[in-house]
Amino acid sequence: MAHDRQDPALIGRQRETGVLAGALDRAQDGTGGATVLLRGEAGVGKSTLLAWTERTARERGFTVLRAVGAEAETDLAFGALHQALWSPCQRSDALSAHQRDALESAFGVRSGTPSGFAVGAAALALLDDAMRTAPVLLVLDDLHWIDSSSATVFGFLHRRCAELPLVIVGATRPDGQAAQAWATEPVDVRALPRADAAALLGSRFPELADSTRDRVLVEADGNPLALVELPRQLAAAQQRGVAPLPERLPLGRRLERMFAERLDATTPEAGRLLLLGALAAGPDLSSGSWLRAVPDGSVRETLERVEADGLARLDAAGQLVFRHPLARTAVVAAASDAALREAHQALADTLAPGDPRRLAHEAAAALLPDGDLARRLETAGRDLARRGGGAEGALLVERAAVLSPDSCDRVRRLTAAAVMAAHGGQLRHTAALVEELRTATVPSDAAPLFAYAVVYADQSHHVDFASSAALLPTALDTLAAPGAGTSGGLVEQVFFKLLLAATYTDDPWAWQALQRHRNAVSEVGRLCLRAWTEPGPGVADALRAVAAGMTEEQEAGSAWLLLWTNSALDCPEIDLWRRFTGLHGYASEGSVAKAKSHQDFLLGDWDRAEDCLREAEIADELGYHTNALLFRQYHAAFLAGRGDEAGLEAVDRAVRPTATRARMRSVLDRLTHLRGLAALAHQRPEEAYAHLRELLVPGRLPGGRPWRHALVFDLVAAAVQAGRREEALAHLAAARTARTAELSGRHAFLVAAAAAVAAEDDGADDAFRAAAGLPGAERWAFDLARLRLAHGSWLRRRHRPGAREVLRAAHHVFRRLKAGPWAAQCEEELRAAGDALVPPQRGPAEAPAVPTLLTGQELRIARLAATGLTNKEIGQRLQLSPRTVAAHLYKIFPKLGITSRAALAHALGRSGAR
């Protein structure tokens, strides 16, 4: 293997540097940006690769921004974002006043509570300004230690960089969660192979004895940091092989212990300085103010000793830079509890009384309960949560609970921390806190919030809705009672969770409680309930009006309700998901991703079908198991549309048991609908009708449950194809009576399409053209293609002009969507119309697609007859008379060389036409 002679640290990293260089090339050439996520164990060389990327980018003229995560600042909201963007924020004149306020409020420079959307949008605007003069590289080291608020914004930028001259390169450990929501395949940075490890070791320590070199290679096991650091711990005689080596050389966690051993040899003054520098890591203490915590007269001498030992150095900004993050970790890990408390208190004393960072250090220094400190921590935590830092706010409030002298205050604060953690995307921690609280006595004034926390964990983590009906109606009764006082938005949150339970399970008690308290919630809450229970005309217009009149701050608190209202109506034209992308915390981002997945299906963006599976994996990793189930259900819709019955069956087996246990009727019903849709793809209308008949009684629409209104096209099409015209017309009449077409643009199209396939011959052509000509009809790619297939088939059977053009348009869409069975239906119709459609190319050994002797109509009749259908049943399917079917069979038999219907299946199989 050829090695990089110019930088020995990059030996064996040709694959990684190739990926990184390719990303820089694309941004520099203007063909688009990229994200590269380096993943590997501590010390494996991720930071070295980042340094190479940064150096290479600077040489090419990139603007380089960077942030480094620090274990000591994981609870400081937007800390890493501050590192990366504070300098360009000060220099840029491109930001609007609102955008600058959003960033500076997030950075704590000014007061305010910006929404996560505003912060993400402002960050994107800032980078867009920088990219006008040069491509930008954003380097994010130690992502596993970057605060979740910053990580969410970086994730937002990652999703936008594909078409921009922006490269984001991050590094994280395998167990780091900050980057799990990034839809990018990580580049695993692995230990070096033996040959590369030996080359690296030889380049750094050419005078090592063979025996010492072999021992280091074995113990290091390809870890570059261990290869570099282990020999430095050896005496000169040991390096030369004269003195014996220690019994064991540490590696991984043992490598951290190695740093700890080196710390033991430092002076107490140096150890204290290292500890202060480790705890003060981060942009907020990078000015060197932390050095005031070091005793006067010893700073310079102690710093010189630390730098001479090779443990750390003071950079130009006044921040202590350790040789490797493991060194900082080792410093903190080696310190006693007393030393840690003393250091935190010393750092707190260097900060102003109102500084939130002082509060964090005071909390870490506290040993005994302190009511005043607990109250200040709770206030700071709630402020962080309002600014989008729910996860960080939860940590402060949980610490406040620990320091609470009163047991009731402790329970109240732990309950609040559980809810904040859930909103911040830390659902597993919420579930753990809820389990802890179950054994405590909950004060009556905290009971509604506790009920909400329990239900949050049950609904999202445990996929269990039993507690929703048991706890939430009572919580609403308490919160809405006269004299209950303000609830800080809890009424709305409890209302939404109960609405989720009602829509998933159709529990009548839940619906009754929602109706009883509909006047206790905001206009958005009432609109959401109306959309799911009384989806009449005007709801979509009301949604547009409410969404247009909301501020960004209001949007952050109402995102779930607005998205859930939109999902009831199938109104992707309102496009709410784009407005909410960038909200902090997976609780909001998961809702946005679900809305986006459903929209991708409706609008024909089926190339993104696999995104559902990636989102399901992310949700499972984060503990949001209900979201994972729903993402798999969304993926099932793409499978059903493509007629992939094997894939659909696999999803059904994975989802149905959990949905059945949780009584998620909506999920079970949608799976039944998808089975019917797949049956239609394979021209089994009677089976499709049977599935849809389980959900709807033809001629009678259920009250509410808006998604059932959208089944009108599928049910009517199945009924018509199965020869059940009266049932089709009855259901169409019911849809008209219910004014289904007025629910949304998509509902209008589906009703018009159903009317076309059920129309009498005299008016059918006009009905088909009217449906296809509705404003916005082209948005519904899959449903419009199905309408065109039905129209082209109708025209072809009646020898009307224009059949080929309509069928070809449908065929093009089905091929783009990879909906093979539907495309095959178009091909059969085109062949029956005499169109010289060229089938996909096949290999020389493959059988022909159809018998060349049969016309398209003859082939369709032969296939149906081979399944055992009678002439009358075939005629009903193809809208032919039984006599016409018999005449076709009379011609088919001699062409296939057979004399009976019983031989059809074998003849068609032999020719490859099955």
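Residues numbered from 1 in each chain as written. Predicted model: local features only at pLDDT ≥ 70, side-chain atom pairs only at ≥ 80, totals over all residues. Heavy atoms only, no water.

Chemist: Just to check I follow, could you spell out the overall build of the protein chain for this structure?
Modeler: Of the regular secondary structure elements, the protein chain holds 45 helices and seven strands. Relative to its full complement of 914 residues, the protein chain shows a buried share of 56%. Considering only residue pairs separated by 6 or more positions, the protein chain has 68% of its internal contacts joining residues 24 or more positions apart. Put simply, the protein chain shows about 38,000 Å² of open surface, and 51% of that area lies on carbon and sulfur atoms. (Helix = DSSP H or I, 4+ residues; strand = E, 2+ residues; numbered from the N terminus. Buried < 20%, exposed > 50% of the residue type's maximum accessible area, 1.4 Å probe, protein only. Contact = heavy atoms within 4.5 Å. Areas by Shrake-Rupley, 256 points an atom, 1.4 Å probe, with all protein chains shown as cover.)

Chemist: Please explain the sheet that holds strand β1 (residues 34-39) as it appears in this structure.
Modeler: The pairing of strands in a sheet comes from backbone hydrogen bonds and takes either a parallel or an antiparallel form. Strands sit in the order β2-β3-β4-β1-β5 across an open sheet of five strands; the sheet is parallel. For this open sheet the edge positions go to β2 (63-68) and β5 (187-188), each flanked by a neighbour on one side alone. Bridge count between β1 and strand β4 (residues 166-172): six bridges; the pairing is parallel. In the sheet register, T35 faces β4, and the bridge partner there is I168. Taken strand by strand, helix α2 (residues 46-59) contacts β1, β2, β3 (136-141) and β4, and its axis lies near 165° from that of β3. (Pairing = 2+ DSSP bridges. Axes fitted to C-alpha atoms, helices over the stretch in contact; angles between N-to-C directions.)

Chemist: Explain helix α42 (residues 856-866) to me, please; I cannot follow it from the model alone.
Modeler: Side chains of residues three or four places apart in an α-helix project in the same direction, reflecting 3.6 residues per turn. Counted residue by residue, α42 has nine buried out of eleven residues, so it is predominantly covered. Count one or two residues on from α42 and you reach G868, which has phi positive near 100°.

Chemist: Would you mind going over the confidence of the model for the protein chain with me for this structure?
Modeler: Low pLDDT means the predicted atomic positions in that stretch should not be read closely. For the protein chain, the average pLDDT comes to 82, and 85% of its residues sit at 70 or higher. Low pLDDT, under 50, characterises residues 1-6; the predicted model gives this stretch twelve contacts beyond four residues in sequence or across chains. Below a pLDDT of 50 lies the segment residues 838-851, which in the model reaches 19 contacts outside its immediate sequence neighbourhood of four places, other chains included. (pLDDT = per-residue confidence, 0-100.)

Chemist: Explain the nonpolar core here, please?
Modeler: Soluble, globular proteins show a tendency: their nonpolar side chains are buried together. One finds M664 and F814 to be the most contacted residues of the largest nonpolar core, which totals 155 residues. Ranked by residues supplied to this core, first place goes to helix α23 (residues 490-505) with eleven residues. Ignoring sequence-local partners within four residues, the contact set of M664 consists of V463, F465, Y504, T626, L629, L630 and A659. The next biggest cluster of nonpolar side chains, apart from the first, holds 46 residues, and it includes F78, L166, A366 and L373. (Core = buried A, V, L, I, M, F, W, Y, C linked by side-chain atoms within 4.5 Å.)

Chemist: I tried to follow the pattern of salt bridges on my own but got confused; where do I start?
Modeler: Proximity of charged atoms lets side chains of opposite charge pair with each other. Tallied over the entire structure, the rule returns 52 salt bridges. A salt bridge links R608 to D605; the nearest nitrogen and oxygen atoms lie 4.0 Å apart. One salt bridge in this structure joins R769 and D765, with 3.2 Å as the shortest N-O distance. Placement of the pair is R769 and D765 together in helix α38 (residues 761-772), with a separation of four residues, close to one helical turn. For R769, a relative accessible area of 46% puts it in the partly exposed group. Of the residues examined, D765 reaches a relative accessible area of 16% and is grouped as buried. (Salt bridge = Lys/Arg side-chain N within 4 Å of Asp/Glu carboxyl O.)

Chemist: Honestly, the pairing of β1 in this entry has me stumped. Any pointers?
Modeler: The side chains of a regular strand alternate between both faces of the sheet. Here β1 lies mainly inside the structure; five of its six residues are buried. As paired strands, β1 and β5 are joined by two bridges and run parallel to one another. For R39, the partnering residue across the bridge sits in β5 and is D188.

Chemist: I tried to follow the side chain of H635 on my own but got confused; where do I start?
Modeler: Looking at the element boundaries, H635 is found in helix α31 (residues 625-641). When sequence neighbours within four positions are dropped, the list of residues in contact with H635 reads A609, E610, C612, L613 and V651.

Chemist: It is not clear to me how the environment of D570 should be interpreted in this structure. Could you clarify?
Modeler: Note on placement: D570 falls in the loop between α27 (552-569) and α28 (576-580). Sequence spacing of D570 and A540 is 30 residues, and the spatial spacing of their C-alpha atoms is 9.4 Å. Setting aside residues no more than four positions away along its own chain, D570 makes contact with H598, L602, A710, S744, R746, H747 and W780.

Chemist: I would appreciate a short explanation of unusual backbone geometry in the present structure.
Modeler: Excluding glycine, a negative phi dihedral is what most residues carry, and trans is how most peptide bonds are arranged. The backbone phi angle of V463 is positive, close to 50°, even though this residue is not glycine. Mapped onto the secondary structure, V463 falls in the loop between α21 (447-462) and α22 (466-480). The residue K818 is not glycine, and still its phi comes out positive at about 60°. Tracing the sequence through the fold places K818 in the loop between α40 (803-817) and α41 (820-832). Here K818 falls in the exposed class, since its relative accessible area comes to 53%.

Chemist: When you look at the environment of R860 in this model, what are you seeing that I'm missing?
Modeler: Relative to the elements of secondary structure, R860 occurs in helix α42. Of the residues examined, R860 reaches a relative accessible area of 11% and is grouped as buried. Sequence separation between R860 and A832 is 28 residues; the distance between their C-alpha atoms is 9.1 Å. Setting aside residues up to four positions removed in sequence, R860 forms contacts with Q683, S793, R796, E828, E829 and L878.

Chemist: Where do I start with the packing of helix α7 (residues 194-204) against helix α8 (residues 210-220) in this structure?
Modeler: Packed helices, taken two at a time, are described by the angle between their axes plus the distance between the axes. Two numbers describe how α7 lies on α8: the axes approach to 11 Å, and their chain directions differ by 125°. Taken together, the axes of α7 and α8 are oblique relative to one another. Classified by chirality, the crossing of α8 by α7 is right-handed. In contact with R194, A197, A198 and L201 of α7, α8 contributes R213, D214, V216, L217 and V218. Residues that form the contact of α7 with α8 fall into these classes: six nonpolar, no polar and three charged. (Parallel < 35°, antiparallel > 145°, perpendicular 65-115°, else oblique. Left-handed = near helix turned anticlockwise from the far one by under 90°. Nonpolar A, V, L, I, M, F, W, Y, C, P; charged D, E, K, R; others polar.)

Chemist: Honestly, a negative patch on the surface in this entry has me stumped. Any pointers?
Modeler: On the surface, E269, E301, E304 and E307 cluster together to form a negatively charged patch. No other element matches helix α13 (residues 299-308), which puts three residues into the negative patch. Checked against the element boundaries, E269 lands in helix α12 (residues 268-279). Of the residues examined, E269 reaches a relative accessible area of 45% and is grouped as partly exposed. (Patch = residues over 30% accessible without salt bridge, like charges linked within 9 Å, V, L, I, M, F, W, Y side chains within 5 Å. Lys, Arg positive; Asp, Glu negative; His and termini not counted. Charge placed at Lys NZ, Arg CZ, Asp CG, Glu CD.)

Chemist: How should I be thinking about α23 in this particular structure?
Modeler: In a regular helix each residue adds 1.5 Å, so 16 residues correspond to 22 Å; α23 covers 22 Å between its end C-alpha atoms and thus fits that length. In terms of burial, α23 is a largely internal element, 15 of the 16 residues being buried. Positive backbone phi, at 60°, marks D506, one or two positions downstream of α23. (Expected span 1.5 Å × (residues − 1).)

Chemist: Sorry if this is basic, but what is going on with the environment of H158 here?
Modeler: Note on placement: H158 falls in helix α6 (residues 148-158). Taking relative accessible area as the criterion, H158 reaches 9% and is therefore assigned buried. Through-space distance from the C-alpha of H158 to that of T35 is 6.4 Å; in sequence the pair is 123 residues apart.

Chemist: Could you clarify how one ought to interpret the packing of aromatic side chains in this entry?
Modeler: Here the distance between the centres and the angle between the planes together describe a pair of aromatic rings. Under the counting rule described, the total for this entry stands at 13 aromatic pairs. Between F782 and W822, the ring centres sit 5.9 Å apart and the planes meet at 85°, which makes this aromatic pair edge-to-face. Of this pair, F782 sits in helix α39 (residues 781-797) while W822 sits in helix α41; the two residues are 40 residues apart in sequence, bridging distant segments of the chain. Assessed through its relative accessible area of 5%, W822 is described here as buried. Ring plane angle 25° and centroid distance 5.8 Å describe the contact between F814 and W822, whose orientation is recorded as stacked. In terms of burial, F814 and W822 fall into one category: buried. Among the aromatic side chains, those forming a connected cluster through ring pairs are F601, W606, F638, F782, F814 and W822. One Lys or Arg, R786, reaches over the ring of F713 and ends 4.6 Å from the middle of that ring. (Phe/Tyr/Trp six-rings, centres within 6.5 Å; stacked < 30°, edge-to-face > 60°. Lys NZ or Arg CZ within 6 Å of the ring centre and 35° of its normal.)

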